[in-house]
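# Descriptive structure summary
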Amino acid sequence: MATMSSPAQRRLDHWHSLETAAQRLADAVEAGADTDQPAADFAGLIDELERYERFWLFPGLATLRRLREYLINWDAVLARQLASRAVHRLSEFGDAGSLFDLEVPLADQHTDQFASGRHFVTVLIADDTPEDVPQSLAAELRRLDVGGQEIGFGLLVVGSAEEAVAAAVLNDEIQACIIRRDLTLRAAVPLPFKNTFIGIGGQPTTDRAVNGIVCGRWIRTLRPHLDLYLLTDESVASRDPRTHELFNRTFYRLNEEAEVHATVLAGVRRRYETPFFDALRRYAAAPIGQFHALPVARGASIFNSRWLQDMGEFYGRHIFQAETSSTSGGLDSLLDPHGTVKQAMTKAASTFGARETFFVTNGTSTANKIVVQALTRPGEIVLIDRNCHKSRHYGLALAGALPLYLDAYPLEDYAIYGGVPLCTIKQTLLELKAAGRLDQVRMLLLTNCTFDGITYYALRVMEEVLAIKPDICFLWDEAWYAFATAVPFARQRTAMDAAAALHRRLTSPEYRAEYDAWRADMADVAESEWVQRRLLPDPDAARVRVYATHSTHKSLSALRQGSMIHVWDQDFDRYSREQFNEAYLTHTSTSPNQQLVASLDLARRQVDLEGYRMVRGAYQMALAFRQRVATDPLLGRWFRVLDVDDLVPAGFRPSGVTSYLPLADPDAADGHPEWDRAWVSDEFVLDPTRVTLYIGKTGMSGFEFREQILMDRFGIQINKTSFNSVLLIFTIGVTWTSLQYLLDALRRTAVALARAVDGASQADRALMRIKTKALTATLPPLPDFSGFDPAFRPSEHTPEGDVRAAFYAAYEESDREYVPLTEAVSLTAAGRVLVSATFVVPYPPGFPVLVPGQVVSPEILTFLTRLDIKEIHGYRPELGLCVFTERFLQRYAAEHVRRQSAPPKSAAQRDEQTLDPPPDPARSDAGFQDLARRLASGVEPSRGDSPPIG
Ligand SMILES: Cc1ncc(COP(=O)(O)O)c(C=O)c1O
């Protein structure tokens, strides 16, 4: 994260400045003008670039040396030509610019190797053997790179572990690293920034023989997708237990150059290969007679049509060539994968750090339902953030598991919810334990990161939860966070990375000692106090069972609806594989779209080979945008980007980090080490690529601003709004040009707003003040989850609800009615309990404000009245809220009480019941009193009533 203010980005800017400085110098020389200042600027930029350039192949230190010579010799015109060529080739080719001769115009050189799809990668060699000794590895590898292969490489040689790690971090074109085992630790010329890697936090190594391994470990941590090779002279290296985990392969130095060369190329090729996409392409190119049920396949029904020519023209031939329902001929079946789909999913698992990955062709909406169905049984309790996407709530309704809704912390000023605090989760589990219901708890469902970028400390959450409930399963909805695996600071907060780290920790001998000490320490601490204490799971009991769902299509290059389920479950085979397969088959179409599957395969390739570059770029753009809005007075009058301290309350931020705005000195070499600390320590962090633009001062609501300004005036599409904000999402699809366009649009809007205020009448100004106040000062409170009606609560001691029973109860038309919102307000004020019969889901963001069986609270009504989102699923504005009739509730409640008091049917059930503590009168809540009231006044269920459902 610290490198986001990045030397890599600054270097590019400096190269562009150097080109301009060379231009100015040459102009001054040609005009006979004063050259002192232009020459000083030019020399200063060369000095600055020399500090960093050793980490890139091109333009490289040699080019800087030549530029300096030109300066010394006053060859300003040659300097201008060289600088200009270097910068243009840098922009176009990056490190591959080193393939061409800078003295010769590009037009006179062969560049067709790129046109023919040849790829170029940079291979890092960390070796302190002088490069010019005969038969150095670099020299030998260069000799072997004779061209003609589909992958070419350039070698970047550094002489120390420190520089190797820095190069891997800074130079995103590096794809493979060959590291000498007994490598010098420190750079001969100090690094141009503070070394926050080697020797910081841990102990600097003193044993030269392990420096290469330390270096490999850092690179693996920071960029796990790279191929790492260890180079050693000693055969004992193979006995080092760490090497096989870190390095793809170990080479013994003598006479292995050809093998090294072939292995490096094979490694890159392996990551490039996309088994399913490659098979589909081969299939599309092969001559085929098709008699299966897909007329569009091969385009025959399109291109032979008289009326669908435009369809063929618009989509092109390939999409039809590749359309097929076939699962043979090199293709594979998503529903029973054994071939290329299976291989593609296995590769994805490795890229995303999962033990197993499953492709899903109907979005994360389906992925969530699959996991919920696979892991829960009817009647089991699932702890779930109420603000989770509706697919999870539907999943629970279908599966029959009982949601116990957890409230996220509210951000009332912006009408946004944060995440669920860890203490809330712990408190809930401890209460369930006290009520004897912990055995029923199956799963915890959270969203990471949230729509607005609130990101959990997944590792800490899972660790402490496992201390209370060691066999719980976790489902992390990472619909928005697939990209996070590409950069180290975000990756550590993903479910898969956290699961692997947790498993490593729980199985280490050090942890066992830590746990024993903790247990002794906690011996006298009552469980009721555990909420405030740091908890550690029992390593003998805790199981790491973690699932993550990704809308790959939302943040990576997959086609719409392309999603993945990642599994890191050490009990998957033992307990869940078959159920998972059933759930997968339940929800997956028997006609999955081949193009979606292929695009998931390709999205994986992109993460593997250029995820680091692209995702880092998205962070850089988001940070640049934040800075521009903060420092532009015109924009600042109307807009503000919400920062860390706006969205993450101080109590969740032990790091003390409050902002993503750059340091006062943008050239400060250290970047932002405090940001890195926040990402490893804070309970919640804000992902800076989720940019919430606060627009309260414009007098327009988020919805109005999105529709009238961004969409209608500028054609800028965004997704989510709140009362007074709009959410801008910086993905790998955002470009510097689109960023500039957005800034221009905001500036134009700011000018128009200023003009409107300037020329406004008294009345208009008053109106604007009222609107602004409504958006900034008098927002409706964010409603918490109000609670299930007691009729839908299986236990009177704990708050989980039977959403499935309520969902299906509402199928009976005569048992529900519509109540307009205004009437609902007066009815609840008069004491009637309204119970929702449906999900009510404003979209976006897509989480329910009401679920079936939930009591409609006055806060929810106020919130719904003020909501200006047009699309509210499950709510018909012309009719009102769909609620259960009073008559139904009375009948159902009576039935519920009868069910509750029915004698247990089996001995096993009787045993279970005696485990429940007797009802605690202090815990009996208003809901149950209300139920009793209702029953007392109610109608007895008659034979004519329809039976209770559920
Ligand atoms: C948190 C969350 N989970 C799941 C989904 C559903 O994902 P998909 O659109 O891929 O079905 C969404 C969609 O917005 C979401 O925001």
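Above this note sits the structure.
To keep things clear, this report deals only with the structure shown in the data block. Everything quoted here is computed from the prediction, not taken from an experiment.

### Some thoughts on the site of the ligand
In the vicinity of the ligand lie 14 residues, with Thr364, Ser365, Asp477, Ser551 and His553 positioned nearest. One of the backbone nitrogen or oxygen atoms of threonine 364 is found 2.8 Å away from an oxygen atom of the ligand. Between the ligand and the protein, one listed contact pairs an oxygen atom with a side-chain N or O atom of tryptophan 480 at 2.8 Å. Protein burial of the ligand: of its 390 Å² of free accessible surface, 91% is covered by the chains. Elements with a contribution of two residues or more to the shell around the ligand: helix H16 (363–375) and helix H23 (552–555).

### Regarding the sheet that holds strand E4 (residues 227–232)
Overall, parallel pairing links the five strands, which are arranged E2-E1-E3-E4-E5 in an open sheet. For this open sheet the edge positions go to strand E2 (151–158) and strand E5 (249–252), each flanked by a neighbour on one side alone. Mean inter-strand twist for the sheet, computed between neighbouring axes without regard to direction, equals 25°. Bridge analysis of strand E1 (residues 119–126) against strand E3 (residues 174–180) gives five bridges, and the strand direction is parallel. Pairing of threonine 122 across the sheet is with isoleucine 174, part of E3.

### Regarding a negative patch on the surface
On the surface, a cluster of negative charge is made up of Glu412, Asp413, Asp784 and Glu859. With respect to the secondary-structure elements, glutamate 412 resides in the loop between strand E9 (410–411) and strand E10 (416–417). For glutamate 412, a relative accessible area of 33% translates into the label partly exposed.

### Description of the packing of aromatic side chains
Per the stated rule, a full pass over the model turns up 42 aromatic pairs. Plain terms: the ring middles of phenylalanine 303 and phenylalanine 320 are 5.9 Å apart, the flat faces sit at 85° to each other, and that makes the pair edge-to-face. One end of the pair, phenylalanine 303, is in helix H12 (residues 300–303); the other, phenylalanine 320, is in helix H14 (residues 317–321), with 17 residues separating them in the sequence. The partly exposed category is assigned to phenylalanine 303, whose relative accessible area is 22%. Taking relative accessible area as the criterion, phenylalanine 320 reaches 5% and is therefore assigned buried. Here tyrosine 456 and tryptophan 476 contribute two aromatic rings whose centre-to-centre distance is 5.6 Å and whose plane-to-plane angle is 70°, an arrangement assigned as edge-to-face. Highlighted residues: tyrosine 456 in strand E12 (residues 454–456) and tryptophan 476 in strand E13 (residues 473–477), separated in sequence by 20 residues. Residue tyrosine 456 shares its accessibility class with tryptophan 476, and that shared class is buried. One aromatic cluster is present, built from ring pairs that chain together Phe358, Tyr547, Phe572, Phe580 and Tyr584. The ring of tryptophan 568 has arginine 355 lying over it, and the distance from NZ or CZ to the ring centre is 4.0 Å.

### Some remarks on the packing of helix H1 (residues 7–31) against helix H3 (residues 60–72)
At a minimum axis separation of 13 Å, H1 and H3 run at an interaxial angle of 20°. The angle between H1 and H3 places the two elements in the roughly parallel class. Along this stretch, H1 crosses H3, giving a crossing that reads as left-handed. Packed against H1, whose contacting residues are Trp15, Leu18 and Leu25, the element H3 presents Thr63, Leu64, Leu67 and Leu71 at the interface. Class assignment of the residues belonging to the contact of H1 with H3 gives a composition of six nonpolar, one polar and no charged.

### Looking at helix H33 (residues 821–829)
Within the sequence span of H33, burial applies to Leu821, Ala824 and Thr828. All buried residues of H33 fall inside an arc of 50° around its axis, so they share one side. The outward face of H33, more than 90 degrees from its buried face, is lined by the exposed residues Thr822 and Ala829. As for H33, its buried residues are in contact with strand E21 (816–819), helix H34 (858–866) and strand E24 (881–884).

### Describing a nonpolar patch on the surface
Nonpolar side chains collect at one region of the surface, where Phe314, Tyr315 and Ile319 lie side by side and expose about 360 Å² of accessible area between them. Structurally, tyrosine 315 is set in helix H13 (residues 309–315). Residue classification places tyrosine 315 among the partly exposed residues on the basis of a relative accessible area of 49%.

The rules behind each value
- Along each chain, the written sequence defines residue order, and numbers are assigned to residues from 1.
- Residue-level local features of this predicted model are given only where pLDDT is at least 70; pairs of side-chain atoms are given and counted only at 80 or more, and the full residue set underlies all totals for whole chains, interfaces and linings.
- Calculated side-chain values reflect all of the structure's heavy atoms, with hydrogen atoms and water omitted.
- We define proximity as follows: a residue is near a molecule or strand when any one of its heavy atoms falls within 4 Å of that partner.
- Think of a polar contact as two N or O atoms within 3.5 Å of one another; within protein, one of them needs to be a possible hydrogen donor and the other a possible acceptor, and neighboring residues in sequence only count if both atoms come from side chains.
- Each accessible area is a Shrake-Rupley estimate made with a 1.4 Å probe; only the visible protein chains count as cover when residues are assessed.
- The way it works is that DSSP assigns letters per residue, a run of H or I at least four long becomes a helix, a run of E at least two long becomes a strand, and they are numbered from the N terminus.
- Two strands pair under a simple rule: DSSP has to find at least two bridges between them.
- To get an axis, a line is fitted to the C-alpha atoms, and for a helix only the part in contact is used. The angle between two axes follows their N-to-C directions and goes from 0 to 180 degrees.
- Residues form patches when they are more than 30% accessible in relative terms and have no salt bridge. Like charges link within 9 Å. Nonpolar side chains (Val, Leu, Ile, Met, Phe, Trp, Tyr) link within 5 Å.
- The rule for a salt bridge is simple: a side-chain nitrogen of Lys or Arg has to be within 4 Å of a carboxyl oxygen of Asp or Glu.
- Only four residue types enter the charge count, namely Lys and Arg as positive and Asp and Glu as negative; His and the chain termini do not.
- Charged side chains are reduced to one point each, which is NZ for Lys, CZ for Arg, CG for Asp and CD for Glu.
- Relative accessibility thresholds used throughout: buried, under 20% of the residue-type maximum; exposed, over 50%; partly exposed, between the two (1.4 Å probe, protein chains only).
- Each Phe, Tyr or Trp ring, with Trp reduced to its six-membered ring, pairs with another whose centre is within 6.5 Å; inter-plane angles below 30 degrees give stacked pairs, above 60 give edge-to-face pairs, and intermediate values give tilted ones.
- By definition, being over a ring means that NZ of Lys or CZ of Arg is both within 6 Å of the ring centre and within 35 degrees of the ring normal.
- When an angle is under 35 degrees it counts as roughly parallel; over 145 it counts as roughly antiparallel; between 65 and 115 it counts as roughly perpendicular; any other value is oblique.
- In this scheme the crossing of two helices becomes right-handed for a clockwise turn of the near helix relative to the far one and left-handed for an anticlockwise turn of less than a right angle.
- Throughout, a residue-residue contact means that at least one pair of heavy atoms, one from each residue, lies within 4.5 Å.
- Amino acid classes used here: Ala, Val, Leu, Ile, Met, Phe, Trp, Tyr, Cys and Pro are nonpolar; Asp, Glu, Lys and Arg are charged; the rest, including Gly, are polar.
- Note that the arc is computed from the directions linking the helix axis to the C-beta atoms.

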